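The lines below spell out each chain.
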Amino acid sequence: MGSPALPSRARPDLSGAVLLLCAAALCLLVILPIGWLVVFAFTGRGGRFTLANFRLLFTDPAFLEPLVTTLILALSVSLICCLVAAPMGWIVARTDMPLRRAVRFLVLASFVTPPFLGAIAWELLAAPNSGLLNQLHRAATGAGPEAVLFDVYTLPGLVFVICCYTFPYVFVLVANALDRIPGELEDASAMLGGSAWRTARRVTIPLALPALAAGALVAFLQAMTLFGAPGILALPAGFHTMTTKIWSLFQYPPKPELAAAASLPLLVVTVVLLRAQSAVLGRRGYTVVGGRSGSPRPVRLGPLRWPALGLCLAMLSLPVFLPYAALVNAAFSRIPSQPLTLERFTLDHVRFVFLELSATRLALKNTFLLGLLAATLGALLALVISYLTARAAIRGHRVLGFLATAPIAIPGIALGVGLFLAYTRGPIVLYGTLWILLLAYLTIELPAAYQQLQASLRAVAPELEEASRVLGASRLRTLRNVTAPLLGPSLIATWCFVFVAVVRELSAAAILFTSETKVLSVLIFDLNESGDLAAIAVLGLTMLILTSAVIAAANRVPGFRGGPLVRNN
Amino acid sequence: MQPRNAGRRQVLRALTVAALALPLAARAAGPAPTKVTAELIQAAKKEGKVIWYTAVDLPVAERIAKAFEAKYPGIDMRVERSGGERIFQRIGQEYASNIHAVDVVNSSDAAHFIVWKRDGILAPYVPEDVALHYPAEHKDPDGLFASWRAWLSVIGYNTKLVKPEEAPKSFADLLDPKWSGKIVKGHPGYSGTIMTATFQISRDLGWEYFEKLARQKVMQVQSSADPPKKLALGERAVMADGNEYNLFQLKEKGEPVEIVYPSEGTPLIIGPSGVLKDAPHPNAARLLQSFLFSVEAQQLMVDFGGLRSMHALVKEKAGRKPLREIKLMKDDPAAVEKQADEIKARYSKYFKV
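Since the model is a prediction, treat every value here as computed from it, not as a measurement.

1. A few points about the overall build of chain A
Along chain A, the regular secondary structure elements total 24 helices and zero strands. Whereas a compact globule of 569 residues would reach a radius of gyration of roughly 25 Å, chain A reaches 25 Å, a difference of no more than 12%. A burial count over chain A gives 49% of its 569 residues as buried. Counted over contacts in chain A with a minimum sequence separation of 6, partners at least 24 positions apart contribute 78%.

2. Describing the overall build of chain B
Secondary structure summary: chain B contains 13 helices and 12 strands in total. Radius of gyration (C-alpha) of chain B: 20 Å, near the 20 Å computed for a compact globule of 353 residues. Among the 353 residues that make up chain B, the fraction classed as buried is 53%. Of the contacts formed within chain B by residues at least 6 apart in sequence, a portion of 81% connects residues at least 24 apart.

3. Things to note about the confidence of the model for chain B
All names here are of chain B. On average, residues of chain B score 91 in pLDDT, and 92% of them are at 70 or above. Between residues 1-6, whose pLDDT stays under 50, and residues either more than four places distant or in other chains, the model counts 11 contacts. A low-confidence stretch, residues 15-28 stays under pLDDT 50, and its non-local contacts, those more than four residues away or across chains, total four contacts. Predicted complex metrics record ipTM = 0.84 and pTM = 0.87.

4. What about the domain arrangement of chain B?
Residue and element names in this part refer to chain B. Split into domains, chain B comes out as domain 1 (3-151 + 269-320) and domain 2 (153-268 + 337-351). Centre-to-centre, using C-alpha coordinates, domain 1 lies 27 Å away from domain 2. Counting from both sides, the interface comprises 21 residues of domain 1 and, opposite them, 23 residues of domain 2. When contributions to the side of domain 1 that touches domain 2 are tallied by element, the ones reaching two or more residues are helix H4 (84-96), helix H5 (111-119), strand S5 (145-152) and strand S11 (266-276).

5. Notes on the packing of H5(B) against helix H13 (residues 333-351) of chain B
All names here are of chain B. Where H5 meets H13, the axes come as close as 7 Å, and the angle between the chain directions of the two elements is 80°. In terms of orientation, H5 lies roughly perpendicular with respect to H13. Seen from H5, the contacting residues are Ala-111, Ile-114 and Val-115; seen from H13, they are Pro-333, Ala-334, Val-336, Glu-337 and Ala-340.

6. Things to note about the pairing of strand S2 (residues 76-81) of chain B
All names here are of chain B. When strand S1 (residues 49-54) meets S2, the two strands line up parallel, connected through six bridges. Across the sheet, the residue bridging to Thr-54 is Arg-81, located in S2. One crossover worth recording links S1 to the parallel S2 by way of helix H3 (residues 58-71), and it is right-handed.

7. Topic: the nonpolar core
Among the nonpolar cores identified, the biggest contains 281 residues, and A:Val170 and A:Val174 are the most heavily contacted of them. The biggest single contributor to this core is helix H7 (residues 155-180) of chain A, with 18 residues. In this structure, this core is formed jointly by two domains, domain 1 (3-151 + 269-320) and domain 2 (153-268 + 337-351) of chain B, each of which donates at least three residues. Other than its neighbours up to four places away in sequence, A:Val174 contacts A:Ala85, A:Ala86, A:Gly89, A:Ala208, A:Ala211, A:Leu212 and A:Gly215.

8. Remarks on the interface of chain B and chain A
A common way to express how large an interface is: the accessible area buried when the components associate. The interface of chain B with chain A comprises 43 residues on the first partner and 35 residues on the second. With seven residues, H4(B) is the largest single contributor of residues to the side of chain B that touches chain A. Considering only residue class, the side of chain B that touches chain A consists of 17 nonpolar, 11 polar and 15 charged.

9. With respect to the sheet that holds strand S10 (residues 257-260) of chain B
Residue and element names in this part refer to chain B. Ordered by their spatial adjacency, five strands build an open sheet running S8-S7-S9-S6-S10, and the pairing between neighbours is mixed. What marks the edges here is a single partner per strand, and that holds for strand S8 (219-220) and S10. Pairing of strand S7 (residues 183-185) with strand S9 (residues 238-239), which is carried by two bridges, proceeds in the parallel orientation. Its bridge partner being in S9, Val-184 is matched across the sheet by Met-239. The sheet strands contacting helix H9 (residues 226-233) are strand S6 (155-158), S7, S9 and S10, and the helix crosses S6 at an angle near 20°. Here helix H10 (residues 244-252) sits on the sheet and contacts S6 and S10; the angle it forms with S10, its principal contact strand, is near 145°.

10. Some details on helix H23 (residues 520-529) of chain A
Residues and elements named next belong to chain A. A large share of H23 lies buried, amounting to 10 of its 10 residues. Residues of H23 that are buried: Leu-520, Ser-521, Val-522, Leu-523, Ile-524, Phe-525, Asp-526, Leu-527, Asn-528 and Glu-529. As for H23, its buried residues are in contact with helix H5 (115-126), helix H10 (228-237), helix H15 (360-390), helix H21 (488-504), helix H22 (507-512) and helix H24 (533-554). Remark: Gly-531 follows H23 within two positions and exhibits a positive phi of approximately 75°.

11. Considering the packing of helix H3 (residues 61-94) of chain A against helix H13 (residues 305-332) of chain A
Residue and element names in this part refer to chain A. Relative to each other, H3 and H13 sit at 135°, their axes nearing to 11 Å. Of the possible angle classes, the one that applies to H3 and H13 is oblique. As H3 runs across H13, the sense of the crossing is left-handed. For the pair formed by H3 and H13, the contact residues are Val-84, Met-88 and Ile-91 on the first element and Ala-308, Cys-312 and Met-315 on the second. Here the residues of the contact of H3 with H13 are counted per class, giving six nonpolar, no polar and no charged.

12. Concerning the environment of B:Ile270
All names here are of chain B. Mapped onto the fold, Ile-270 is located in strand S11. The class for Ile-270 is buried, based on 24 C-beta atoms found within 10 Å. Along the sequence, Ile-270 and Thr-193 sit 77 residues apart, while their C-alpha atoms lie 8.5 Å from each other. Once residues within four sequence positions are removed from consideration, Ile-270 is found in contact with Ala-110, Ser-147, Ala-150 and Asp-331.

13. Details of helix H17 (residues 412-423) of chain A
All names here are of chain A. Compared with the 16 Å implied by 1.5 Å per residue over 12 residues, the 16 Å span of H17 between its first and last C-alpha is a close match. For H17, a buried count of 12 out of 12 residues is recorded, marking the element as mostly surrounded by other parts of the structure. Within H17, the full set of buried residues consists of Gly-412, Ile-413, Ala-414, Leu-415, Gly-416, Val-417, Gly-418, Leu-419, Phe-420, Leu-421, Ala-422 and Tyr-423.

14. Concerning unusual backbone geometry
All names here are of chain B. Phi is positive for Lys-217, close to 50°, though the residue is something other than glycine. Within the secondary structure layout, Lys-217 lies in the loop between helix H8 (208-213) and S8. Despite not being glycine, Lys-352 shows a phi value in the positive range, around 70°. Along the chain, Lys-352 falls in the segment after H13. Residue classification places Lys-352 among the partly exposed positions, given that 14 C-beta atoms sit within 10 Å.

15. Observations regarding the environment of B:Asp142
All names here are of chain B. Positionally, Asp-142 belongs in the loop between helix H6 (128-133) and S5. Residue Asp-142 is classed as partly exposed on the basis of its 19 C-beta neighbours within 10 Å. Distance in space between the C-alpha atoms of Asp-142 and Ile-41 is 24 Å, their sequence separation being 101 residues.

16. Focus on the pairing of S1(B)
Residue and element names in this part refer to chain B. Of all six residues that make up S1, five are buried, and the element is covered over most of its length. Across three bridges, S1 lies against strand S3 (residues 104-106) in parallel orientation. When the bridges of S3 are listed, Tyr-53 appears paired with Val-105.

17. Focus: the environment of A:Thr166
By secondary structure assignment, the location of A:Thr166 is in helix H7. For the pair A:Thr166 and A:Phe111, spaced 55 residues apart in sequence, the C-alpha separation works out to 7.7 Å.

What counts as what
Every chain begins its residue count from 1, and numbering advances along the sequence as written. Both sets of labels track the order of writing: A upward for chains, 1 upward for ligands. In keeping with the model being predicted, local features are shown solely for residues with a pLDDT of at least 70 and side-chain atom pairs are shown and tallied solely at 80 or more, while totals for entire chains, interfaces and linings include all residues. Working definition: helices are DSSP H or I runs of at least four residues, strands are E runs of at least two. Numbering for both runs from the N terminus. In this description the radius of gyration comes from C-alpha coordinates, and the expected globular size is given by 2.2 Å times residues to the power 0.38. Remark: C-beta atoms are placed from the backbone, and a residue is labelled buried if 20 or more other C-beta atoms sit within 10 Å of its own, exposed if 12 or fewer do, or partly exposed between those counts. For the purpose of contact definition, each residue receives a C-beta atom placed from its backbone, and two residues are in contact when these atoms lie within 7 Å. Residue-level confidence of the predictor, termed pLDDT, takes values from 0 up to 100. What counts as a domain boundary in this text is fixed by an automatic or database domain assignment. Note on geometry: axes are lines fitted to C-alpha atoms, helical ones only across the stretch in contact, with angles between N-to-C directions running from 0 to 180 degrees. Between 65 and 115 degrees an angle is taken as roughly perpendicular, under 35 as roughly parallel, over 145 as roughly antiparallel, and anywhere else as oblique. Strand pairing is defined by DSSP finding a minimum of two bridges between the two strands. Seen with the strands pointing away from the viewer, any crossover whose path from the first strand over the helix to the second strand runs clockwise is right-handed. Nonpolar cores are identified as sets of buried Ala, Val, Leu, Ile, Met, Phe, Trp, Tyr and Cys residues joined via C-beta atoms within 7 Å. Under the convention adopted here, Pro, Cys and the residues Ala, Val, Leu, Ile, Met, Phe, Trp and Tyr are nonpolar, Asp, Glu, Lys and Arg are charged, and Gly plus all remaining residues are polar. In this scheme the crossing of two helices becomes right-handed for a clockwise turn of the near helix relative to the far one and left-handed for an anticlockwise turn of less than a right angle. Here, expected helix span is obtained from the residue count minus one, scaled by 1.5 Å.

Right under this line is the structure:
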């Protein structure tokens with residue numbers, strides 16, 4: 001035990017054991033559900049090996065159509081997100097547009113919004129007949145009751161809504177990459193006589209391209225594996241995506257074998273795409289190395305400054321301003337489809353949610369308990385694993401790194417199915433407890449947490465840790481007293497990221513919950529089933545307020561500088 | 001619990017039990033009725049909690065829960081509302097993993113009680129009100145469940161979007177091309193009401209009706225409580241199926257909705273209630289079951305909820321069409337139980353979801 005890279009110690013400590021334990025937990029977390037998924041996918045009636053599930057999957061139009069729909073959906077979302085997010089990212093990172101910080105903050109607000117809540121808000125806005133925007137359109141143009149400007153219950157409608165809540169991923173990646181491009185390179189191009197356009201074409205764009213490609217990939221994967229928005233919009237629109245189809249396989253009589261088989265294509269596509277990305281980007285040295293380079297010189301937009309801001313705000317009205325206005329309207333208006341006026345104002349829905357709805361308290365408690373636990377444990381686990389891999393502290397650290405990133409390839413719904421299969425039968429039955437949800441959340445959010453912390457850890461010079469070790473501190477103690485404080489802001493950012501992600505998670509929870517372990521996202525999804533839009537609006541707004549409060553509190557932890565999340569580190 | 005592909009042995013056993021029970025049931029009508037005693041209340045309060053899985057629309061369910069909590073302070077009542085079919089799936093899934101979370105269950109698909117009875121997961125318990133005031137055809141001979149509520153799955157329309165003289169009068173009228181893109185309906189995969197209605201309509205009118213209806217660009221929602229709400233929003237002009245009781249509630253609040261009892265007959269839905277044998281709060285469960293069948297709860301369900309009661313002492317609310325004046329389709333839970341899977345499969349073939 002211990003590491004070959006460091007001199008052996010006279011006094012044994014628990015570090016090795018604890019670190020190994022984390023490694024073992026990681027294996028259990030990732031390998032067990034995937035293993036069950038694969039086993040079930042090849043299991044027929046009576047437990048025999050079969051390919052029948054896959055034959056059905058690739059011949060029955062009831063499965064083929066959702067598969068094709070999902071691919072069209074994911075491609076369109078990926079393309080549109082890039083077209084919108086790349087220019088916005090450039091404007092925010094490289095120009096002198098006013099209020100750039102506020103725009104970044106608002107992009108985060110759209111990230112904090114769960115896609116299913118966004119989908120419900122867009123139902124309120126753009127349902128063909130009762131949608132507020134369509135009503136406004138008819139009132140403004142005097143068009144007849146048949147006139148429909150937007151119809152959210154269509155494939156383009158669904159693509160649009162998913163784009164609203166996926167583009168932040170692309171935006172953050174592009175903006176951060178542009179932040180890091182040293183101004184000297186652009187200056188050099190300009191000094192050599194390159195025009196602004198030539199500089200952009202030959203220097204800036206190629207340097208930002210890997211980030212854009214990564215963003216396109218993330219958007220594609222997000223759209224492909226998303227359950228929330230399709231779960232709300234696809235049924236009224238009359239089609240299935242793969243995720244809603246998998247979910248419907250849990251209707252009575254449940255067909256877990258088929259659900260497992262249907263999850264595997266999503267898994268395979270994800271793995272192939274991630275491999276392709278690392279193959280393409282891995283060979284080219286895009287990293288901009290160099291000590292302290294000058295911060296990039298902002299491009300002067302001149303008279304275009306305000307139009308640029310207008311454009312950004314118009315874009316942000318789609319995921320943020322309009323949906324939240326619709327939710328506030330629905331929460332306080334007697335009928336959600338009618339614009340709020342004084343005589344239509346009511347507190348009935350608020351009263352109903354907090355005084356009558358008996359599931360509210362339980363769901364709030366479960367959600368925040370799980371959020372806090374998953375964020376804390378997830379950040380710790382990610383810290384330990386990234387320490388092990390970044391410092392090559394144990395043998396097999398590469399495998400650990402791979403395992404910690406692997407869940408990125410598991411769609412939430414597939415993970416839900418896998419965990420359901422793993423923990424509804426002996427020896428360990430976790431279904432029906434909060435533990436199974438905690439496991440799901442930890443597994444889903446681990447890759448992002450790990451990647452964030454690993455990147456930050458690489459920036460911390462190992463000399464400080466070595467000094468601590470030379471003075472006799474164990475690995476664990478060094479990690480706690482030296483490494484963790486150095487990583488402070490990144491740790492907080494990771495914690496917040498996991499917390500937000502847990503609160504907005506629906507796909508795994510929709511499969512794993514029981515009445516005692518209901519979470520907010522599932523409660524809202526259930527309320528949508530019976531069309532209780534006003535109650536959803538009240539709960540959704542509550543959820544947003546509480547989430548923001550927790551993030552604000554986390555950023556005030558003494559000893560850490562505030563606002564790391566806002567800076568998109 | 002996997003009743004529909006249960007082993008032959010279990011089926012045989014169930015048949016034997018049924019055969020033995022039948023002559024007995026004919027003589028003595030199941031277990032003796034139970035009064036609500038001070039001891040029962042005391043024991044229920046000690047448990048302090050009761051969990052009710054129900055398919056009734058959420059505001060009605062929560063109103064009943066509040067009434068129960070007011071009458072028996074100290075007992076926390078939690079409502080788990082979901083579509084009947086999803087409740088059925090959930091209990092199956094939970095029981096298969098030995099999770100016994102539910103105390104009392106009410107589904108909107110009476111066929112589920114046939115399955116639960118066969119699986120032996122219900123406890124015999126006859127509230128006094130059921131013994132005294134309920135007709136024989138609305139209580140299980142073995143005392144495992146009784147018809148807690150009844151309602152209809154009706155056609156409805158938004159009066160701002162459709163004039164009364166142009167409104168559909170029958171299921172056949174809904175196939176008129178003028179309703180294309182204007183219809184909303186529930187889904188039998190989620191809602192027990194829609195499952196039951198789909199069975200009755202397909203039996204009486206044939207599956208061709210649904211095949212043609214599917215070509216009307218129908219807006220598909222899940223719960224049978226949702227189509228009435230979509231009408232009130234003005235999102236669709238007409239609903240092809242959905243709860244009569246939600247329309248009563250909306251109409252009496254002044255929303256622009258109207259009920260149509262189709263000329264072919266209206267599907268009648270029965271929602272029984274039963275106590276689970278492995279209820280985590282057995283005394284509170286029995287107290288709740290007694291409360292649910294009391295005049296007080298039944299009248300509340302009728303007046304506030306717009307539902308129909310089988311309790312002899314409960315009065316229908318003025319202004320609503322009495323049940324006896326409506327031409328009904330016949331309910332047949334045993335047949336629904338046998339055909340449920342086929343109904344879901346055919347339905348999703350026609351409607352694509």
